[in-house]
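Remarks on the overall topology
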Amino acid sequence: MEQIAQGKNKASYRNSNTRIKIFEQDFKKSDILNEALNQARVEETGLRIPKLLKVCKTEGKWSIVTEYVEGVTLESLMEESPDQLENYMEQFVLLQKEILSKRSPLLTKLKDKMNRKISQSGLDATTRYDLHTRLNAMKDHVKVCHGDFNPSNVIVDKDGRLFVIDWSHATQGNGSADAARTYLLFELAGKHDWAELYLKMFCEMNDVARQYVYAWTPIIAASQLVKEKPKEQELLLRWVDVVDYD
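Note that the structure is a prediction, hence the values are computed from the model and not measured.

Scoring rules and cut-offs
Counting of residues starts from 1 at the beginning of each chain's written sequence and follows it residue by residue. Local features in a predicted model are, by the rule used here, given only for residues with pLDDT of at least 70; side-chain atom pairs are given and counted only at 80 or more, and totals for whole chains, interfaces and linings are based on all residues. Computation of side-chain values: all heavy atoms of the structure, hydrogens and water removed. Only the stretch in contact is used when a helix axis is fitted, and all axes are lines through C-alpha atoms; the angle between N-to-C directions ranges over 0 to 180 degrees. Runs of H or I in DSSP of at least four residues are treated as helices and runs of E of at least two as strands, each being numbered from the N terminus. Any angle between 65 and 115 degrees counts as roughly perpendicular, while under 35 counts as roughly parallel, over 145 as roughly antiparallel, and the rest as oblique. Note on contacts: a residue pair qualifies if any of its non-hydrogen atoms lie within 4.5 Å across the two residues. Basically, the charged four are Asp, Glu, Lys and Arg, the nonpolar ten are Ala, Val, Leu, Ile, Met, Phe, Trp, Tyr, Cys and Pro, and anything else, Gly included, counts as polar. Whenever Lys or Arg places a side-chain nitrogen within 4 Å of a carboxyl oxygen from Asp or Glu, that contact is recorded as a salt bridge. The classification of residues rests on relative accessible area computed with a 1.4 Å probe and restricted to protein chains. Under 20% of the type maximum is buried, over 50% is exposed, and intermediate values are partly exposed. By this rule, a helix spans an expected 1.5 Å times one less than how many residues it contains. Given a residue, its bend is the angle between the two axes fitted to the seven residues that end at it and to the seven that start from it. Whether two strands pair comes down to DSSP finding at least two bridges between them.

Packing of helix α4 (residues 110–119) against helix α5 (residues 125–137) brings their axes to within 10 Å, and their N-to-C directions diverge by 175°. Classified by the angle between their axes, α4 and α5 sit roughly antiparallel to one another. Listed contacts from α5 to Lys111, Met114, Asn115, Ile118 and Ser119 of α4 are Arg128, Leu131, His132, Leu135 and Asn136. By residue class, the composition of the contact of α4 with α5 is four nonpolar, four polar and two charged.

Another point: the environment of Ala177. Along the chain, Ala177 turns up in helix α6 (residues 175–188). Taking C-alpha positions, Ala177 is 8.7 Å from Gly147, a pair spaced 30 residues apart along the chain. Each residue touching Ala177, except ones within four places of it in the same chain, is listed here: Leu110, Trp216 and Ile220.

Enumeration according to the criterion identifies 13 salt bridges in this entry. Among the salt bridges present, the one from Lys111 reaches Asp140, with a minimum N-O distance of 2.9 Å. With Lys111 in helix α4 and Asp140 in the loop between α5 and β7 (143–145), the pair connects residues that are 29 residues apart, well separated along the chain. Of the residues examined, Lys111 reaches a relative accessible area of 14% and is grouped as buried. The residue Arg210 makes a salt bridge to Glu196 at a minimum N-O spacing of 3.1 Å. In this pair, Arg210 is assigned in helix α8 (residues 210–225) and Glu196 in helix α7 (residues 192–206), connecting sequence segments 14 residues apart. Looking at Arg210, the relative accessible area reads 28%, which means it is partly exposed. Put simply, Lys21, Glu35 and Asp166 are held in one network by salt bridges that share partners.

Taking 1.5 Å of rise per residue, the 16 residues of α8 would be expected to cover 22 Å, and the 23 Å separating its terminal C-alpha atoms lies within 8% of that figure. Where α8 bends most, at Thr217, the angle is about 35°, and the proline Pro218 comes one to four residues later. With 13 of 16 residues buried, α8 is to be regarded as a mostly interior element.

Bringing the sheet that holds strand β1 (residues 2–6) into the picture now. What the five strands build is an open sheet, ordered β1-β2-β3-β5-β4; its pairing is antiparallel. If you trace the sheet from one side to the other, it starts and ends with β1 and β4 (52–58), each paired once. Neighbouring strand axes in the sheet, compared pairwise and without regard to direction, differ in orientation by 25° on average. Two elements, strand β2 (residues 10–15) and strand β3 (residues 18–23), share six bridges in a ladder whose sense is antiparallel. In the sheet register, Arg14 faces β3, and the bridge partner there is Arg19.

So yeah, pure geometry; function would need other evidence.
This is the structure in structure tokens:
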């Protein structure tokens, strides 16, 4: 097997025409099974994603086996050809628009997940109350949301087709929340220009007010705090404190 990715407590390998994601022993079995279930449910929407093949144990550790898509990440193409950034970003936003057009009624509701994350964020009670109130006032939608939509999770094959991987955070809910997370992920990566271009295109292509996406950023930032990444803390806390744009 050839290692192709390494995470905090998981690693992915290529084995012929399959991709094997192997989880460490301390990874919750329920979270692994939920990720596989998300993948299966999203697959049923008809989106172009690697097919789930099986959940099993590999070398004594739980693993998820999917099809392997030969190609490069959209992120690497963006970095290698900055003169083509607008073209690649347009493809990226159109792909997200396609995802948001789908429905999967059995996926976890985004609001439920965000309420849990806010409760686990470690923020003080007054801030948590404010964030819960903001969240519960947001419009209820049932769009498929990726939950970690960034160009490193988009594989471009030799024919130029785009495949979306890593559906572990998938939910159903408000598309602007998913956009706020993508915007925040660009900012956390220090790619301010990408973030601004992305948000401009997302709002234009989906007829969404920039202020509405901004209104989600304190909620999304609070949910990101749960990951406890020291390098992200300062920026996330600034986003949590952002004022209402209404």
